[in-house]
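# Chain and residue survey
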Amino acid sequence: MNGSPASLQDLFDFAELDGADRAECLRRTAWVLQATDDQLCELLQGLLEIGPLSADAAEEQFLEALFAKMVRRLATAFPLGQADSETNVDAQIVALYRKLGQKSNVRHYLLIALVQELSGDHLRQFSELVSTDPPRLSTHAAAPFFPLFRTRDFDVTALFPVLFGGLAHVQVATPILDLANYITRSGMVTRHPASDLSETLIELLGNVTGRLGRLESFSAVDAASWDKARDQVNDGVALAVSLCDALGLIGDSAAVGKLFQALELGHRRVCTEAAAALVRLGEKSGKKTLASLVTEPVARLRVLSYAEELQFLDEIKDEFKSTVARAEAELACCLAESTHFGLAPSRIEAVHQQTQYWPGYDEPVECFLFRYTYEFPNGTFSNIGISGPLVHALTCSLEDLPPDDIYSAYAGWQAEHEEIFELEINRLDDRQRSDVQFLEQKLGVEGFGDIESVALGFFFGEIALIATAHRQDVIGSVIADMQEIFWYPAVKRPGPIRPEDAYTIYKGRKLLQQFNP
């Protein structure tokens, strides 16, 4: 096992190394996973004693690998809330967090490590750091809160009211309120921790709602302006949702006016939360609004959840509670995530439904295909997404494919197995190159020309050529194995099926045929 001195030397050398040597340095950080408490203390002390730590990309890449493994070591060696509090690791973690400073993109790992034990002292230190010196980015600032949502075994007074000092920092305001809402909803307290701050939260909701209203009418002049506005909307929506939930749980009728103001926004998630809060406050119009929002797929799941929690689920029409309606809503929510389109589709409609065995499931599952459409100022975009065994939308165009091929595309995209892989042509040995030549000749006999091999696929011992080719003057992607050929001509629309997409369909077809003989 390499000790901490070796890791410190790797940190000094990392920026000057080439790719292979950097990879080896990162691999050597694995010693932390089996480190003793004394070795962790030695490592942290060494990092504290060396000179200033910069926000250099290379240095942070190494520190991220080191810190991530330290978090895993603390989480696996000691179940959440059962760590050994006799070490000095917590004090060193706090000191190192402060040393790294605001420019650091990796110090949030130290907060995650600090919160693992859940002792009162650790949580008080966590609250102090988060409320006065939070991580710089919203995504990093939220991560340290996640362990707290997996348990109810901690002292709430060690977190609140100190943690509310972080409401002044936009990057942590949302997770702070979400945690307070979780504590209240799970019955850990009889009174919402932010009850004494109700007036402040009402004012904050008004400010956030006003800002979101202005952003809804904002017209970006370039990509940079659009990205900035989108980030502001995402942050504002998340905070507005948490505020509405908090005010509903607090039960202060003084919030009604600002909640009605939030209902006027176009963002359905905010409207849903505001309506649910109004129901809690006894406003009948809130229930009416939720009943109308259930018709919109992107809001449906949340509405159904609140209808059940607030005990009026029987008043929702059965057509919106069906399996297909829920599947439609799951895909709409997926598409609205920033990892996909960032907004809900203009239209979504079911195109196919099938019950079948699916990789990873012991019993047959219902699979749904939906066509989703976006209406943009410069045109219309549509494609086919899946809901059921997974919820996803691929970037390649699937609309011209039969349902079996579409299901195969998603099964292949999801497939992970050590015996399913691809090798680029320049990485093949002589025997594999011979296989490529044989399959290229097979394609030539079948009328394909201008064949450009991309890779050789391996599927549980079977091989398949992945290539582009022409057939009758049409270019496309082709997969050829020893028995069959699969041809996908290029389509005149965004997202043509590339060779890697064709092989994804091929893999999925093989898998589904094995599961559904």
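Residues numbered from 1 in each chain as written. Predicted model: local features only at pLDDT ≥ 70, side-chain atom pairs only at ≥ 80, totals over all residues. Heavy atoms only, no water.

Interaxial distance between helix 10 (residues 198–216) and helix 12 (residues 256–263) falls to 9 Å at its minimum, and their mutual angle equals 20°. Accordingly, the angle class assigned to the pair helix 10 and helix 12 is roughly parallel. By crossing handedness, the relation of helix 10 to helix 12 is classed as left-handed. For the pair formed by helix 10 and helix 12, the contact residues are Ile202, Leu205, Gly206, Thr209 and Gly210 on the first element and Lys258, Leu259, Gln261 and Ala262 on the second. Considered class by class, the residues forming the contact of helix 10 with helix 12 number 4 nonpolar, 4 polar and 1 charged. (Axes fitted to C-alpha atoms, helices over the stretch in contact; angles between N-to-C directions. Helix = DSSP H or I, 4+ residues; strand = E, 2+ residues; numbered from the N terminus. Parallel < 35°, antiparallel > 145°, perpendicular 65-115°, else oblique. Left-handed = near helix turned anticlockwise from the far one by under 90°. Contact = heavy atoms within 4.5 Å. Nonpolar A, V, L, I, M, F, W, Y, C, P; charged D, E, K, R; others polar.)

Relative to the assigned elements, Arg107 resides in the loop between helix 5 (89–100) and helix 6 (108–115). For Arg107, a relative accessible area of 1% puts it in the buried group. Sequence-distant contacts of Arg107, that is, excluding residues within four places in its chain, are made with Tyr97, Leu100, Gly101, Gln102, Asp133, Pro134 and Pro135. (Buried < 20%, exposed > 50% of the residue type's maximum accessible area, 1.4 Å probe, protein only.)

Now for the packing of aromatic side chains. Per the counting criterion, the structure on display carries 15 aromatic pairs. Ring centres of Phe149 and Tyr182 lie 5.2 Å apart, and the angle between their planes is 55°; on these two criteria the pair is classed as tilted. With Phe149 in the loop between helix 8 (138–142) and helix 9 (170–185) and Tyr182 in helix 9, this residue pair connects regions lying 33 residues apart in the sequence. Ring centres 5.8 Å apart and planes at 45° place the aromatic pair Phe341 and Phe381 in the tilted group. Remark: Phe381 occurs in strand 3 (residues 379–387) and Phe341 occurs in the loop between helix 16 (323–336) and strand 1 (347–356); sequence separation between them is 40 residues. On the basis of relative accessibility, which here comes to 31%, the residue Phe341 falls in the partly exposed class. An aromatic cluster is present here, built from Phe341, Tyr372, Tyr374, Phe376 and Phe381 joined pairwise through their rings. The ring of Tyr97 carries the charged tip of Arg107 above its face, separated from the ring centre by 4.0 Å. (Phe/Tyr/Trp six-rings, centres within 6.5 Å; stacked < 30°, edge-to-face > 60°. Lys NZ or Arg CZ within 6 Å of the ring centre and 35° of its normal.)

With that settled, consider the pairing of strand 6 (residues 462–471). In terms of burial, strand 6 is a largely internal element, 7 of the 10 residues being buried. Taken together, the 8 bridges between strand 5 (residues 449–459) and strand 6 define a ladder with antiparallel strand orientation. Within strand 6, the residue paired with Gly449 across the bridge is His470. In this antiparallel pair of consecutive strands, strand 5 and strand 6, the connection spans 2 residues, and Phe460 shows a positive phi of 45°. Looking at chain direction, strand 6 and strand 7 (residues 474–481) are connected through 8 bridges and run antiparallel. Across the sheet, the residue bridging to Ala464 is Asp481, located in strand 7. Hairpin connection from strand 6 to strand 7: 2 residues lie between these consecutive antiparallel strands, with Gln472 at a positive phi of about 50°. (Pairing = 2+ DSSP bridges.)

On a regular strand, one side chain projects to one face of the sheet and the next to the other, so that they alternate. Covered by surrounding structure in strand 8 (residues 485–489) are Phe486 and Tyr488 only, the residues Ile485, Trp487 and Pro489 on the alternate face being uncovered. Where strand 7 folds back on strand 8, the antiparallel hairpin that results is connected by 3 residues.

Turning to the nonpolar core, a few remarks are in order. The biggest cluster of nonpolar side chains holds 103 residues, and the ones touching the most others in it are Leu47, Phe67, Phe126 and Phe160. Per-element tally for this core: the top contributor is helix 11 (residues 223–250), with 9 residues. Every residue in contact with Phe67, bar those within four places of it in the chain, is listed here: Leu47, Leu96, Leu100, Val106, Tyr109 and Leu110. Formed by 42 residues, the second largest nonpolar core is a distinct cluster that contains Trp358, Leu398, Ile406 and Tyr488. (Core = buried A, V, L, I, M, F, W, Y, C linked by side-chain atoms within 4.5 Å.)

What follows is about the pattern of salt bridges. This structure, assessed with the given rule, holds 24 salt bridges. Between Asp133 and Arg107 there is a salt bridge; the shortest N-O distance is 2.9 Å. Here Arg107 lies in the loop between helix 5 and helix 6 and Asp133 lies in the loop between helix 7 (120–132) and helix 8, a separation of 26 residues in the sequence. For Arg191, the salt bridge goes to Asp196, with nearest N and O atoms at 2.7 Å. (Salt bridge = Lys/Arg side-chain N within 4 Å of Asp/Glu carboxyl O.)

Attention now moves to the sheet that holds strand 3. The 3 strands are arranged 1-2-3 in an open sheet whose pairing can be described as antiparallel. Each edge of the sheet is formed by a strand with only one pairing partner; in this case those strands are strand 1 and strand 3. Geometrically, the sheet is characterised by an average inter-axis angle of 15° between neighbouring strands, direction not taken into account. For strand 2 (residues 365–376) and strand 3, the ladder comprises 9 bridges, and the chain directions are antiparallel. What sits directly across from Thr373, in strand 3, is Ser382. Here helix 16 sits on the sheet and contacts strand 1, strand 2 and strand 3; the angle it forms with strand 2, its principal contact strand, is near 50°. Sheet strands in contact with helix 17 (residues 403–414) are strand 1, strand 2 and strand 3, and its direction is about 85° off that of strand 1.

With respect to the helices and strands, the residue Ala393 is situated in the loop between strand 3 and helix 17. With a relative accessible area of 6%, Ala393 lands in the buried category. It is 43 Å that separates the C-alpha atoms of Ala393 and Leu40, two residues lying 353 residues apart in sequence. Every residue in contact with Ala393, bar those within four places of it in the chain, is listed here: Leu335, His340, Tyr372, Gly385 and Tyr410.

A negative phi angle is the norm for most residues apart from glycine, just as the trans form is the norm for most peptide bonds. The linkage connecting Phe160 with the following residue, Pro161, adopts the cis geometry, with an omega of 10°. Mapping Pro161 onto the fold places it in the loop between helix 8 and helix 9. Look at Gln311: it is not a glycine, yet its phi comes out positive at around 65°. Structurally, Gln311 is set in the loop between helix 15 (297–309) and helix 16. Relative accessible area serves as the criterion here: at 72%, Gln311 is assigned to the exposed category. In this structure, Asp450 is a non-glycine residue whose phi angle is positive, near 50°. You can see Asp450 is positioned in strand 5. With a relative accessible area of 58%, Asp450 lands in the exposed category.

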